[in-house]
Amino acid sequence: MTVKPATERAEQARAARKAVPRSAHAAWVASSDRVDPVGILTDQDASRLQWLVPVRHARMAESAFAFYRGGAAIMAADLAGTPSMGVDVQLCGDAHLANFGSFASAERRQVFDVNDFDETLPGPWEWDVKRLAASMVVAARDNGFDGSAAREAARATMRAYQGAMGRFAKTPALQVWYAQLSLERLSESSPRKSDRKAFDKAVVKARGKNSQRALGKHTETVDGERRIRSQPPLLIPLRQLAEHVDRDKLRGAVQANFTDYVESLPMDRRHVLGRFSIVDLALKVVGVGSVGTRCWVVLLRGRDHGEPLFLQIKEASASVLEAHLPPSQFEHPGQRVVNGRRLMQASSDLFLGWSGTMDGSHFYWRQFHDMKGSADVAAMDADRLLHYGEVCGWTLAHAHARSGDALAIAAYLGSGNAFSRALTEFAVAYADQNQADYEAFKQAIADGRIEAHEA
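Caption draft 1: Main features of the overall build of the protein chain. Check the secondary structure of the protein chain and you find 17 helices and 13 strands. C-alpha atoms of the protein chain, sized along the principal axes, occupy 70 × 55 × 50 Å. The long-range fraction of contacts in the protein chain, counting pairs at least 24 apart against all pairs at least 6 apart in sequence, stands at 76%. When the accessible surface of the protein chain is totalled, it reaches about 19,800 Å², and 51% of it is carbon and sulfur. Charge centroids of the protein chain, computed over 57 positive and 54 negative side chains, lie 6 Å from each other.

Caption draft 2: Region of the structure containing the sheet that holds strand 13 (residues 361–367). Read across the open sheet, the six strands follow the order 8-9-10-11-13-12; overall the sheet is antiparallel. On the outer flanks of this sheet lie strand 8 (235–237) and strand 12 (353–358), each paired with one strand and no other. Between one strand axis and the next, the sheet turns through 35 degrees on average, direction left out of account. Two strands pair when backbone bridges link them, and strand 12 and strand 13 are joined in this way by four bridges, in the antiparallel orientation. The residue of strand 13 that forms the bridge with G353 is W365. Against the sheet, helix 11 (residues 211–218) engages strand 8, strand 10 (295–302) and strand 11 (308–316), with an angle of about 85 degrees to strand 11.

Caption draft 3: Structural view of the pairing of strand 9 (residues 276–284). Of all nine residues that make up strand 9, seven are buried, and the element is covered over most of its length. In this structure, strand 8 lies alongside strand 9, joined through three bridges in antiparallel fashion. Looking across to strand 9, one finds that L235 is bridged to K284.

Caption draft 4: Region of the structure containing helix 1 (residues 6–19). In this model helix 1 runs 21 Å from its N-terminal to its C-terminal C-alpha over 14 residues, within 8% of the 20 Å that 1.5 Å per residue would give. Buried within helix 1 we find R9, A10, A13 and A16. Viewed end-on, helix 1 has its buried residues packed into an arc of 110 degrees, placing them on one side of the element. Opposite its buried face, helix 1 presents the exposed residues T7, E11 and K18, each directed more than 90 degrees away. Looking at the packing, one finds that the buried side of helix 1 touches helix 16 (406–413).

Rules and cut-offs
Residues numbered from 1 in each chain as written. Predicted model: local features only at pLDDT ≥ 70, side-chain atom pairs only at ≥ 80, totals over all residues. Heavy atoms only, no water. Helix = DSSP H or I, 4+ residues; strand = E, 2+ residues; numbered from the N terminus. Contact = heavy atoms within 4.5 Å. Areas by Shrake-Rupley, 256 points an atom, 1.4 Å probe, with all protein chains shown as cover. Lys, Arg positive; Asp, Glu negative; His and termini not counted. Charge placed at Lys NZ, Arg CZ, Asp CG, Glu CD. Pairing = 2+ DSSP bridges. Axes fitted to C-alpha atoms, helices over the stretch in contact; angles between N-to-C directions. Buried < 20%, exposed > 50% of the residue type's maximum accessible area, 1.4 Å probe, protein only. Expected span 1.5 Å × (residues − 1). Arc of directions from axis to C-beta.

Next comes the structure, spelled out in structure tokens:
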């Protein structure tokens with residue numbers, strides 16, 4: 001593949017401002033033929049476990065931000081009509097601020113990065129940026145902040161993205177690729193001593209999240225063997241799912257799926273997993289937007305020493321972006337998720353892989369809660385939310401710089417305030433749209449059009 005010289009790419013990117021001015025990104029006006037947002041969500045429900053669909057609705061109804069988290073398909077349809085300057089990256093596809101967090105690298109270091117890739121697909125970099133910016137305003141409003149604080153949170157996030165992209169454009173490719181945001185660095189950047197102390201305490205807690213801890217928290221002894229403990233509605237062991245599934249058939253399907261999954265891993269990882277065998281599995285209810293998709297937690301035991309290993313099997317379907325962008329190059333949706341994650345993340349899960357079908361669904365595998373930590377967005381004051389938005393802005397820029405042309409994006413953005421000002425206006429306007437959609441969603445529940453209740 002021939003790549004144009006840097007100067008030529010930068011000139012073309014700056015010239016793109018004439019066709020697509022940075023101010024053009026400020027606009028959001030719903031089209032007259034905009035698809036009913038509630039209809040988009042109910043269309044998604046058709047492929048989910050039907051007894052969990054009302055749980056999904058109930059969780060999305062909790063707040064405007066919860067609705068936003070579950071509404072990636074709604075925003076994907078809306079973003080399809082917005083301007084783009086013509087440079088694609090590997091998109092997260094659902095880059096709201098709650099889809100960033102900490103986890104263990106393969107070297108057992110705690111790092112911070114984008115951590116949800118169910119919707120990942122190549123596409124215009126602006127789509128991720130707009131979803132992140134709007135999430136800042138929606139979250140700020142949910143926390144009771146005034147309009148100026150919400151605007152400043154979005155603006156700071158966009159400035160952080162812009163500044164980071166400018167620096168990555170000047171950085172050698174290998175240094176961009178190897179860059180990581182460690183939790184030590186994140187703690188040092190906290191503006192208050194009290195925040196640094198609270199952050200360091202949360203880091204220690206997250207570091208303790210591993211398979212050994214999960215063994216004590218999520219298992220019990222049943223007939224002399226360790227089995228996954230029932231914790232409905234979040235975790236339901238196979239032995240309690242008789243009314244919903246054929247247990248013997250499912251156990252066999254998971255074992256076959258495990259064999260396929262192991263084959264997707266590099267040889268060294270296959271070698272390690274060859275020393276483990278499956279002991280038990282349980283249905284896991286996850287997230288907000290993912291509720292109703294098929295997700296399992298699998299307990300494995302070491303062959304010689306009996307050490308535990310918890311893996312998670314998560315259903316992968318077509319990205320919500322594929323209705324509006326070229327389809328994935330990967331026929332297997334799980335392979336799409338895994339490769340998108342590896343491309344965007346500085347360090348991915350040691351046991352990340354994909355597997356074959358199970359009852360017509362595709363899956364990918366990863367470790368369960370391995371040093372995983374997430375920010376409590378609802379507990380943030382305005383200053384903390386702004387700082388967190390800056391961290392997310394840097395992180396998203398890094399993911400885009402790894403997969404796309406940082407030089408071209410940076411040249412288009414420039415160093416002034418035109419882009420951050422435009423994205424702030426978009427974020428406010430789209431937060432208004434999200435609020436209207438949320439009200440329509442709650443009305444649909446009140447009218448009995450859709451059902452909502454916890455399991």
